[in-house]
Amino acid sequence: CRSVQRKQQRRPFSGTVSTQTDLRAGLTKLTSRRLISVSGPDASKFLQGVITNNINAPHNANGFYTGFLTAQGRVVHDVIIYPDDLGPEPGKQSFLIEVDADEAATLHKHIKRYKLRSKFNLKLLDPEERALYHSWNDLHQAGPWSKLIDEVQKDGNARAVPDPRVPAFGSRVVVNQTSSSSPLTDGDLTPESSYHLRRFLLGIPEGQSEIISGTALPLESNMDVMNGIDFRKGCYVGQELTIRTKHRGVVRKRILPCILYSEGAAPEIPADGPGQLEALEKLLKLEVEQGVKAEMIPQGASIDKVDKKSRSAPGKWLRGIGNVGLALCRLEVMTDTVLPGETPGTYSPEQEFVVSLGGEEGSEVEAKKVKVKAFVPFWLR
């Protein structure tokens, strides 16, 4: 299949960013994600032929991360798939596909187009039918969020699944809204912006505003290291280029977390390890010059060396909030990563990088630039 790249419409995140945000424990409703139901005798067989992961693998029984690709191996949608045992027919082969809310209707049409004679029912679920939450608790102690999750699971109409992408990132909670006797109310919840801040600091891309549909490559989008690709499964759409990149190529670019900062205030990235996230929270308090925010940077804006024009941009900005975000970065230029079988690149700790807030150089009103620093999170390193 061939996907036409569409201009992305960036939706604002719900909630507000606060310097007092605690990213170590919370529960939020994911309004930025939506669910599609696929149920019927051919549901498993159909999905197996169009996704990058193995739906039949025992370790994927509770849910798994995967993607739909074009025939050329580009990502169309990144998704999480869960077995659906909360519906009206629990014994029926049924799955829930979690996808970016803005792209849910597009994925629904994409599956319907290739369904052909396969026997399964397809339905784009209304948020009032199934709600999706994300919980996290790095404090490792019982709190109000864990009690709420326990309560909502008592009636058998909710299930919590560890997020399959990154260890200790948290859990997805799927709630059947039509029959649950213990709905979660907005007053119980953490702002969704806290979830996205935590995700950005850990370098976890999500949705087609960050994994650009029809353009992004799965390995550059970290899908391989986020347990989203099974390199031993049989054929699927886009397999050839993905396998070739894995076994014959070198992944020179990856999506990485980035920090914006002011002149003379380069951030110190804390040491690797599970405690890195807690230390990174302090960076959220850094002021960026003249009120600049990550939301002001256009998607695809080039990241370049300060006072040095590169033949190709070392990075491209994807999305952010406050003073943090994600960018597609050339590893040997923007980080100290040494690629397998190659000599160290041109990275220098003293080299600084900038990203433009829009506009073109040489125009009457030249675009303002802000400094940006990329780093490799502990789990990815």
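Residues numbered from 1 in each chain as written. Predicted model: local features only at pLDDT ≥ 70, side-chain atom pairs only at ≥ 80, totals over all residues. Heavy atoms only, no water.

Some details on the sheet that holds strand β6 (residues 121-124)
Whenever strands of a sheet pair, they do so through backbone hydrogen bonds, lying parallel or antiparallel.
In step 1: If you walk across this open sheet you meet the five strands as β3-β4-β5-β2-β6, and the pairing is antiparallel. Either end of the sheet is taken by a strand with one partner, and the two such strands are β3 (64-69) and β6. Within the sheet, the average angular offset between the axes of one strand and its neighbour, ignoring direction, is 30 degrees.
In step 2: As paired elements, strand β2 (residues 33-39) and β6 share four bridges and run antiparallel to each other. Counted as the bridge partner of Ser37 is Lys123 from β6. (Pairing = 2+ DSSP bridges. Helix = DSSP H or I, 4+ residues; strand = E, 2+ residues; numbered from the N terminus. Axes fitted to C-alpha atoms, helices over the stretch in contact; angles between N-to-C directions.)

What to know about the pattern of salt bridges
In step 1: Enumeration according to the criterion identifies 18 salt bridges in this entry.
In step 2: The partner of Glu98 in a salt bridge is Arg33, with the nearest N and O atoms 2.7 Å apart. Note that Glu98 is positioned in strand β5 (residues 94-100) and Arg33 in strand β2, a separation of 65 residues in sequence. Pair check on accessibility: Glu98 and Arg33 agree, each one buried.
In step 3: Salt-bridge contacts for Glu210 lead to Arg319; the nearest nitrogen and oxygen are separated by 3.5 Å. Placement of the pair is Glu210 in the loop between α4 (192-202) and α5 (239-248) and Arg319 in strand β12 (residues 315-321), with a sequence separation of 109 residues. Comparing Glu210 with Arg319, the two get one shared label, buried. (Salt bridge = Lys/Arg side-chain N within 4 Å of Asp/Glu carboxyl O. Buried < 20%, exposed > 50% of the residue type's maximum accessible area, 1.4 Å probe, protein only.)

Structural notes on unusual backbone geometry
In step 1: Even without a glycine there, the phi angle at Asn222 is positive, about 70 degrees.
In step 2: If you trace the backbone, Asn222 turns up in the loop between α4 and α5.
In step 3: You can call Asn222 buried: its relative accessible area is 0%.
In step 4: Backbone geometry places Asn227, a non-glycine residue, at a positive phi of 65 degrees.

Interpretation note: all reported values are geometric properties and have no functional meaning in isolation.
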